[in-house]
Amino acid sequence: MTETREKPAPAGAAIDTVDAVIVGAGFAGMYMLHKLRQLGFTAVVYDAAAGVGGTWYWNRYPGARCDVESINYSYSFDPDLEQEWEWSERYATQPEILRYANHVADRYDLRRDIRFSTRVTAASFDESAQRWSITTDQGDDVSAQYLVMAVGCLSTSKMPEIPGIDVFRGKWYHTGHWPHEGVDFTGQRLGVIGTGSSAIQSIPIFAQQAAHLTVFQRTPNFSLPAKNAPLDPDEFTALKARYPEHRHEARTSAFGVPNPLPEKSALEVSDAEREATYEAGFEKGSLVGMLLSYNDLITDKAANDTAAEYVRQRIRSIVEDPEVAEALAPTDHPIGTKRPCLDTDYYATYNRPNVTLVNLRKTPLVEVTETGVRTSEREYEFDSIVFATGFDAMTGSLVAFDIKGRDGVMLKEKWAAGPRTYLGVATAQFPNMFMITGPGSPSVLSNMMISIEQHVDWIADAMTYMREHGKQVIDPTLESEDEWTEHVTEVGNTTLYPTANSWYMGSNVAGKPRVFLPYIGGVGPYREICDQVAEKAYDGFDLT
Ligand code: NA7
């Protein structure tokens, strides 16, 4: 990425009245801006970052990669864009995805309406004007008919709740805020806390650099080999010829990537057949492929156990030290119910002589000290510590600044017992506020690109409908919100997801209510529900 691209647009510029304020310049905010401009709406985007890309702007840790395949993780709204962009690998790296985001920003001249390095500090709905007032840390004060929250599902990072981080004399980093200039750990004693996706992607690279790497694991995760490779240009060209069909399959699928739905239960086939299916799934390097091996893996514990045990066996077959292998093999949650990962040589990394795994279930973290980390057993000395401790997912960024709706209701307070939304796209008493991939929508349980485009198109259609019908305000009814929120929970309860302590359940943040946050009804069926609501003149919303 070039320096000029990073330069922030002037903040505090003379924009004080627009049709829409969009918060976030990731893939959601970028497409929302483009779409609204095409429809003749005025919009301004704010982002705290100095460039576009959202999560791909911040998460620059070594090994950061998307684990949705490149051919699926890209915009589909413009066939020309789709045809001209070349992905180089099966799973794109963070730098390549960020290049793509910058390409899109340039191609559609998006930057002129994006205020970078500018954080929204408050938004409140002015009942008399029927508009939102939005303020920023750069002194902007904007009036907008609509407020579109394109803040991303995993963008408020989270540090562990242990004392002493401020006394550590070495350097420390969070994977979600990686220095742009990169970090070289060559020759260092390095500690990594956390074993989620970010850690699993970066640990093999850290291990090659550090003199010694110590990994502190609280919960082992299921990870499959990514089987990443350069994209075959001929295959990519062939796919481009049938991109419309490919995208249609994605939009009507369960998780937003084309994958046939399985018909069989894992429990109705022979052990040998099951083993062969899992082996094929494992070797394919596809999370969706593995989880859709059978139709009951995410709904039936006994079925799930068969897949979980298969992956545990694979872990045991890679990791040489049996005690380390057992510590790495997850047994406390069904496979898929915490975000499973894709890796490149993660488990084999523990066979290196310079890597140590500390099982925090046996010896919990006590504190960070001046020289390292202390567990209940002993102290470890480090030159650097990496916190790969995740995010306040799905709701963290929506309540990060004060949003005041009707009658002075604060979003934070309204959602104190868990988010309540209609379709995951709006919440009652916050009129004309839309959320892209909000809680109660497929969001993190889908290919985000597909879900982002679906929400942006739906929101843009709603705004167009309002304009054409002379309406000022759209607000979901409390009744429709209650029904949808209950439906999200009910569908979640038909699966094994609520049995795990995951960030899908809000369990990774102390004090956060335990609620199943995304919608698991499937990307295709969810789209149909949203379309029907629109067709019935925005059924479930009050339009005035
Ligand atoms: P994740 O998946 O939330 O992983 C965070 C990791 O950090 C996880 O292993 C946590 O263990 C661990 N953690 C968090 N707090 C602590 C404390 N206090 N002590 C020890 N260990 C801790 O975040 P990632 O950044 O890896 O991935 C985020 C998403 O990005 C990923 O799911 C993909 O969607 C892409 P825990 O499991 O809570 O016991």
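Computed from a prediction, not measured in an experiment: that's the story for all the values here. Numbers given to residues run from 1 along each chain, matching the order in which its sequence is written. With the structure being a predicted model, the display of local features is reserved for residues of pLDDT at least 70 and the display and counting of side-chain atom pairs for 80 or more, all residues being used for whole-chain, interface and lining totals. As a convention, hydrogens and water are excluded, and side-chain values are obtained from all of the structure's heavy atoms.

## Points about unusual backbone geometry
- For T437, which is not glycine, the phi torsion reads 55° and is therefore positive.
- Per the convention used, a helix needs a DSSP run of H or I reaching at least four residues, while a strand needs a run of E reaching at least two, with both numbered from the N terminus. Tracing the backbone through its elements, the reader meets T437 in the loop between strand 18 (433-435) and helix 15 (448-468).
- Only protein chains enter the accessibility calculation, which uses a 1.4 Å probe; a residue is then buried when its area is under 20% of its type maximum, exposed when over 50%, and partly exposed in between. Classification of T437 by relative accessible area gives buried; the value is 5%.
- Residues other than glycine seldom take positive phi values, yet Y538 does so here, at roughly 60°.

## Structural notes on the nonpolar core
- Counting residues in hydrophobic clusters, the biggest one holds 83 residues, and the most contacted among them are F27, L423, W458 and F541.
- Sorting elements by how many residues they give to this core places helix 15 first, with 10 residues.
- We call two residues in contact whenever any of their non-hydrogen atoms come within 4.5 Å of each other. Aside from chain neighbours lying at most four places away, what touches F27 is W56, Y73, Y75, I97, Y100, A101, M449 and I452. Here the nonpolar core consists of buried residues drawn from Ala, Val, Leu, Ile, Met, Phe, Trp, Tyr and Cys, with membership extended through side-chain atoms lying within 4.5 Å.

## Describing the pattern of salt bridges
- We define a salt bridge as a contact between a side-chain nitrogen of Lys or Arg and a carboxyl oxygen of Asp or Glu at a distance within 4 Å. All told, the structure shown has 32 salt bridges when counted by the stated rule.
- One salt bridge in this structure joins D113 and R112, with 3.7 Å as the shortest N-O distance.
- A salt bridge links K227 to E283; its shortest N-O distance comes to 2.8 Å. Separated by 56 residues along the polypeptide, K227 in the loop between strand 10 (223-225) and helix 7 (233-241) and E283 in helix 9 (residues 271-284) bring together distant segments of the chain.
- Judged by its relative accessible area of 39%, K227 falls in the partly exposed class.
- Note on E283: relative accessible area 32%, which makes it partly exposed.
- Here the salt bridges share partners, and the residues they tie into one network are R37, D109, R112 and D113.

## Regarding the packing of helix 9 against helix 11 (residues 301-318)
- Contact geometry for helix 9 and helix 11: axes closest at 11 Å, N-to-C directions at 60°. Relative to helix 11, the element helix 9 is oriented oblique. Like other packed secondary-structure pairs, helix 9 and helix 11 cross with a definite hand, here right-handed. Contacts between helix 9 and helix 11 involve R274, E275, Y278, E279, F282 and E283 from the first element and A303, T306, A307, Y310, V311 and R314 from the second.
- Here the term charged refers only to Asp, Glu, Lys and Arg, the term nonpolar to Ala, Val, Leu, Ile, Met, Phe, Trp, Tyr, Cys and Pro, and the term polar to all other amino acids, Gly among them. Classifying every residue of the contact of helix 9 with helix 11 by side-chain character gives six nonpolar, one polar and five charged. To define axes, lines are fitted to C-alpha atoms, for helices over the stretch in contact only, and angles between the resulting N-to-C directions are given on a 0 to 180 degree scale. Our angle categories are set so that under 35 degrees counts as roughly parallel, over 145 as roughly antiparallel, 65 to 115 as roughly perpendicular, and the remainder as oblique. Left-handed is the label given to a crossing in which the near helix is rotated counterclockwise from the far helix by less than a right angle, and right-handed is the label when the rotation is clockwise.

## Things to note about the packing of helix 15 against helix 17 (residues 523-535)
- One can describe the packing of helix 15 onto helix 17 by two numbers: an axis separation of 11 Å at closest approach and a directional angle of 5°. Of the possible angle classes, the one that applies to helix 15 and helix 17 is roughly parallel. Here I450, S451, Q454, H455 and W458 of helix 15 come into contact with helix 17, specifically with V523, Y526, R527, C530, D531, V533 and A534.
- The residue makeup of the contact of helix 15 with helix 17, split by class, is seven nonpolar, three polar and two charged.

## Some points on the sheet that holds strand 12 (residues 355-359)
- At least two bridges found by DSSP between two strands is the condition for calling them paired. Strand order across the open sheet formed by five strands is 7-16-8-9-12, with parallel pairing between neighbours. If you trace the sheet from one side to the other, it starts and ends with strand 7 (171-174) and strand 12, each paired once. Ignoring strand direction, the axes of neighbouring strands in this sheet form an average angle of 20°.
- Direction of pairing for strand 8 (residues 189-193) relative to strand 9 (residues 212-217): parallel, over a ladder of five bridges. Within the sheet, the bridge partner assigned to I193 lies in strand 9 and is F216.

## A look at the sheet that holds strand 13 (residues 365-368)
- Reading across the sheet, the three strands line up as 13-14-15 and stay open at both edges, with antiparallel pairing between neighbours. Either end of the sheet is taken by a strand with one partner, and the two such strands are strand 13 and strand 15 (379-381). Across the sheet, the mean angle separating the axes of adjacent strands is 20° when strand polarity is ignored.

Geometric descriptors of this kind do not, in isolation, establish any biological role.
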